[in-house]
Amino acid sequence: MPVKKNGKKRKYDEIRPAGNNEKGTSISRRAETVEKREEFGHWEMDTVVGKKGTKQVLLVLTERKTRYEIVRKIKSKSQYCVVKELDKIERKMGAKKFRETFKTITCDNGVEFLDMDAMEKSYYNKVMKRTKVYYCHPYNACERGSNENANKLIRRWIPKGSHISKFTDKYIQDLQDWINTYPRKIFDYLSSQEYKELVLVS
């Protein structure tokens with residue numbers, strides 16, 4: 001079964017602000033509509049690492065309202081590879097569709113996410129933003145709760161200590177499809193894929 005929740009939420013004003021990421025926009029400035037999951041298009045982002053000493057990691061994006069998941073294998077846990085993968089997604093979707101789909105992205109203060117400007121700028125037009133990036137407070141993974149729960153589902157397929165490079169793109173795609181198509185009690189047993197389709201047509 002998916003990870004059991006304890007029902008508790010930490011308030012942002014009870015957490016000390018980030019002191020090591022002065023350029024980043026704090027999650028405390030994120031709109032209340034994002035916190036309440038009132039619309040589609042607000043994502044949480046993280047990386048899932050493999051065996052210590054190996055380079056390849058998974059870039060994981062979780063949509064807050066529908067819990068829809070995007071999982072991509074990237075060459076290393078670096079700012080360059082994260083931005084390159086976001087560029088790749090934007091090129092595939094198109095600039096307008098990307099802006100509509102990724103209204104905001106919330107991540108932690110990991111070194112791979114510190115190039116806020118590059119993550120926000122459109123691949124097609126460097127003076128135009130494609131999304132807005134927010135940063136969690138340090139040591140508070142609970143502020144990306146949906147993302148953390150999704151990562152635990154990923155670990156069913158890719159246990160800790162695994163060499164991520166050994167998993168094929170098809171395997172990663174199958175993993176993503178499994179997460180997006182299993183029934184969820186929170187959505188009256190619709191899958192994230194089904195709920196996403198319902199939300200987008202309503």
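Position labels on residues start from 1 in each chain and follow its written sequence. Local features in this predicted model are restricted to residues whose pLDDT is 70 or higher, and side-chain atom pairs enter the listing and the counts only when it is 80 or higher, whereas totals over whole chains, interfaces and linings include all residues. With hydrogens and water stripped out, all remaining heavy atoms of the structure feed into the side-chain values.

Residue-level account of the nonpolar core, with values.
In this text, buried Ala, Val, Leu, Ile, Met, Phe, Trp, Tyr and Cys residues form a nonpolar core when linked through side-chain atoms within 4.5 Å. Think of it in three bands: residues with accessible area under 20% of the maximum for their type are buried, residues over 50% are exposed, and the middle band is partly exposed, with areas taken using a 1.4 Å probe on protein chains only. Among the nonpolar cores identified, the biggest contains 26 residues, and Trp43, Met45, Leu61, Val82, Phe102, Phe113 and Met119 are the most heavily contacted of them. The secondary structure listing takes helices from DSSP runs of H or I that are at least 4 residues long and strands from runs of E that are at least 2 residues long, numbered from the N terminus. Of all the elements, helix H2 (residues 79–93) adds the most residues to this core, at five residues. Counting residues in hydrophobic clusters, the runner-up holds 13 residues, among them Val48, Ile172, Leu175 and Tyr182.

So, the sheet that holds strand S3 (residues 69–74): which residues are in play, and what are the values?
Any two strands with at least two DSSP bridges between them are considered paired. Read across the open sheet, the five strands follow the order S3-S2-S1-S4-S5; overall the sheet is mixed. With one partner strand each, in any of the chains shown, S3 and strand S5 (132–135) form the two edges of the open sheet. The sheet shows a mean angle of 25° between the axes of neighbouring strands, taken without regard to direction. Where strand S4 (residues 104–107) and S5 come together, four bridges link them in parallel fashion. Each residue of the ladder has a partner; that of Cys107, found in S5, is Tyr135. Residues are treated as being in contact if the distance between any of their heavy atoms lies within 4.5 Å. Axis geometry follows a simple rule: fit a line to the C-alpha atoms, using only the stretch in contact for helices, then measure angles between N-to-C directions, giving values from 0 to 180 degrees. Sitting on the sheet, H2 is in contact with strand S1 (42–49), strand S2 (57–63), S3 and S4, with an inclination near 125° to S3. Sheet contacts for helix H6 (residues 169–181): S2 and S3; angle to S3, the most-contacted strand, approximately 165°.

With reference to specific residues and values, describe the pattern of salt bridges.
For side chains of opposite charge, pairing can occur when their charged atoms come near one another. Basic side-chain nitrogens of Lys or Arg form a salt bridge, by our definition, when they fall within 4 Å of a carboxyl oxygen of Asp or Glu. Taken as a whole, this structure holds 15 salt bridges when the rule is applied. The closest approach of N and O atoms between Asp108 and Arg144, which form a salt bridge, is 3.7 Å. Note that Asp108 is positioned in the loop between S4 and helix H4 (116–120) and Arg144 in the loop between S5 and helix H5 (145–157), a separation of 36 residues in sequence. The exposure class assigned to Asp108 is partly exposed, which follows from its relative accessible area of 22%. With its nearest N and O atoms 3.1 Å apart, the salt bridge here joins Lys129 to Glu120. Look at the salt bridges and you will find they share partners, linking Arg30, Glu35, Glu44 and Arg64 into a network.

Lay out unusual backbone geometry with the relevant residues and their values.
Unusually for a residue other than glycine, Tyr139 sits at a positive phi of about 60°. Even without a glycine there, the phi angle at Tyr189 is positive, about 70°. Tracing the backbone shows Tyr189 in the loop between H6 and helix H7 (192–201). Taking the relative accessible area as the measure of exposure, Tyr189 reaches 53% and is therefore exposed.

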